[in-house]
Amino acid sequence: MDKKTLFIKIEQYREEMMTLSKEHGLSSKVVLATSEKLDALIYAYLKRSS
């Protein structure tokens, strides 16, 4: 996946996580799962940047 696509997906997951955290709370399973996906995307983005 190229950097631009990664960046777009990062923003999508970030927005999704914010919405879900308002609905379910920060420690809910759905928010934590989204956070893990977001972390993986950020790691992939940073790896491509180095």
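Scroll up a little and you will see the structure.
Conventions and cut-offs
Think of each chain on its own: its residues are numbered from 1, step by step along the sequence as written. Given that this is a predicted model, residues contribute local features only at a pLDDT of at least 70 and side-chain atom pairs are listed and counted only at 80 or more, while totals for whole chains, interfaces and linings are drawn from all residues. Only hydrogens and water are set aside; all other atoms, that is, all heavy atoms of the structure, feed into the side-chain values. The way it works is that DSSP assigns letters per residue, a run of H or I at least four long becomes a helix, a run of E at least two long becomes a strand, and they are numbered from the N terminus. Note on aromatic pairs: the rings of Phe, Tyr and Trp (six-membered ring only in Trp) are paired at centre separations within 6.5 Å, and the planes decide the class, stacked below 30 degrees, edge-to-face beyond 60, tilted for the rest. The classification of residues rests on relative accessible area computed with a 1.4 Å probe and restricted to protein chains. Under 20% of the type maximum is buried, over 50% is exposed, and intermediate values are partly exposed.

What to know about the environment of Lys 4
So, point 1. Position of Lys 4 among the secondary structure elements: in helix α1 (residues 3-24).
So, point 2. Each C-alpha atom, one on Lys 4 and one on Tyr 45, is 9.0 Å from the other, the two residues being 41 residues apart in sequence.

Remarks on the packing of aromatic side chains
So, point 1. Considering all chains together, one arrives at 1 aromatic pair under this definition.
So, point 2. Here Phe 7 and Tyr 45 contribute two aromatic rings whose centre-to-centre distance is 6.3 Å and whose plane-to-plane angle is 50 degrees, an arrangement assigned as tilted. Of this pair, Phe 7 sits in helix α1 while Tyr 45 is found in helix α2 (residues 29-49), placing the two residues 38 residues apart along the sequence.
So, point 3. For Tyr 45, a relative accessible area of 24% translates into the label partly exposed.

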